[in-house]
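So you can see what is in the structure, the chains are spelled out below.
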Amino acid sequence: MHPTQETLCELQWNPETERIEIAFRLSLADEERLIKEANSTLSKSGEHSPETATGEKSRVDLKPQQLAFGRHMTFANDDACLPAPKLENAAKYRWVGRREEGIHVWWFAEYEVSKPKDGKVVPPSHVRCDLFVDTARNTVHPGGHGPHDAFQNTFVILGHPVPVSAVITPREPVAELKWPD
């Protein structure tokens, strides 16, 4: 048996708020690890707020969950979907709350899409998620072979008549998001 980790993320585009509504399910153990990692990053940097373009501190304090999202999940309108600076990206997430469900927990958030110069906001076409990449790289595998896809992040796009999903693995960290028309 190989160690496996998985998440489930439901995404829905809200055209009224111009935000992605996110319901993200992960294990309680993974939640604990992410919160610990985020709190460590926040305390080391001494920053709980991202800087604005002018270098001033933003007045919005970041919650550890926002930093976890900002560090591990990036949305973009190109297939490269490069990782965004974590504090800047984290500030785009609005934490809504959490709900425990057995050995899992659901995190609820909204992601604010950047407004383009032409003013017409569209939902991002791609997502990058590297939530368990470090774990996959550092996992010792039976038989001594190298890392493999020891994790899977499944993104389900809501609003379609039939569910549409995209899967992210260490080998394929970016997926296309197919929003309903």
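Scope of this entry: the structure provided in the associated data block.

Rules used in this analysis
Position numbers for residues count from 1 along each chain, tracking the sequence in the order it is written. Owing to the predicted nature of the model, reporting of local features is limited to residues with pLDDT of at least 70; listing and counting of side-chain atom pairs is limited to 80 or more, with chain, interface and lining totals taken over all residues. In computing side-chain properties, one takes all heavy atoms of the structure into account and sets aside hydrogens as well as water. Secondary structure follows DSSP: runs of H or I at least 4 residues long count as helices, runs of E at least 2 residues long count as strands, and numbering of each begins at the N terminus. Three exposure classes are used, based on accessible area relative to the maximum for each residue type with a 1.4 Å probe and protein chains only: buried under 20%, partly exposed in between, and exposed over 50%. Only heavy atoms matter for contacts: two residues are in contact if any of them lie within 4.5 Å across the pair. Working definition of accessibility: Shrake-Rupley area with a 1.4 Å probe, residue cover restricted to the visible protein chains. Any two strands with at least two DSSP-identified bridges between them are counted as paired. Think of each axis as a best-fit line through the C-alpha atoms, taken over the contacting stretch in the case of a helix, with angles from 0 to 180 degrees between the N-to-C directions. The rule is short: rings of Phe, Tyr and Trp, with Trp giving its six-membered ring, pair when the centres are within 6.5 Å, and they are stacked under 30 degrees, edge-to-face over 60, tilted in between. By convention in these notes, a salt bridge is any Lys or Arg side-chain nitrogen within 4 Å of a carboxyl oxygen on Asp or Glu.

## Quick look at the overall build of the protein chain
Each helix and strand in the protein chain was counted, giving four helices and nine strands. Listing the helices and strands of the protein chain from first to last along the sequence gives β-β-α-α-β-α-β-β-β-α-β-β-β. Taking all 181 residues of the protein chain together, 44% fall into the buried category. A separation of at least 24 residues holds for 58% of the contacts in the protein chain among residues at least 6 apart in sequence. Here the protein chain has roughly 10,300 Å² of accessible surface; of this, 51% comes from carbon and sulfur atoms.

## Some points on the sheet that holds strand E9 (residues 174–176)
Spatially, three strands are ordered E3-E6-E9 in an open sheet, and the strand pairing comes out antiparallel. Lying at the two open borders of the sheet, with one neighbouring strand each, are strand E3 (73–76) and E9. Between one strand and the next, the sheet's axes are offset by a mean angle of 20 degrees, whatever the strand orientation. Two elements, E3 and strand E6 (residues 126–129), share four bridges in a ladder whose sense is antiparallel.

## Concerning the packing of aromatic side chains
Across all of its chains, the model carries eight aromatic pairs by this definition. Note on Phe 24 and Phe 69: the rings are 5.6 Å apart at their centroids and 65 degrees apart in plane angle, and the pair reads as edge-to-face. In this pair, Phe 24 sits in strand E2 (residues 19–27) while Phe 69 sits in helix H2 (residues 64–72), placing the two residues 45 residues apart along the sequence. On the numbers, 5.6 Å between centres and 85 degrees between planes, the contact of Trp 95 with Trp 107 is edge-to-face. Of the two residues, Trp 95 sits in strand E4 (residues 93–101) while Trp 107 sits in strand E5 (residues 104–112), which places them twelve residues apart along the sequence. Of the two residues, Trp 95 and Trp 107, neither departs from the other in class, the shared state being buried.

## Thoughts on the pattern of salt bridges
In this structure the tally under the stated criterion is nine salt bridges. For Glu 112, the salt bridge identified is with Arg 19, shortest N-O distance 3.7 Å. With Glu 112 in strand E5 and Arg 19 in strand E2, this pair connects stretches of sequence that are 93 residues apart. Take Glu 112: its relative accessible area is 37%, and that puts it in the partly exposed class. One network of salt bridges, with partners in common, ties together Arg 19, Arg 94, Glu 110 and Glu 112.

## Comments concerning the sheet that holds strand E7 (residues 151–157)
Taken in spatial order, the six strands of this open sheet run E4-E5-E2-E1-E7-E8, and their pairing is mixed. Among the strands making up the open sheet, the edge pair consists of E4 and strand E8 (164–168). Looking at each pair of strands side by side, their axes are set apart by 20 degrees on average, direction ignored. Examined bridge by bridge, E4 and E5 share eight bridges and lie antiparallel to one another. Residue Gly 97 lies in a different strand from E5, and its bridge partner there is Phe 108. Seen against the sheet, H2 touches E2, E4 and E5 and runs at an angle of roughly 105 degrees to E4.

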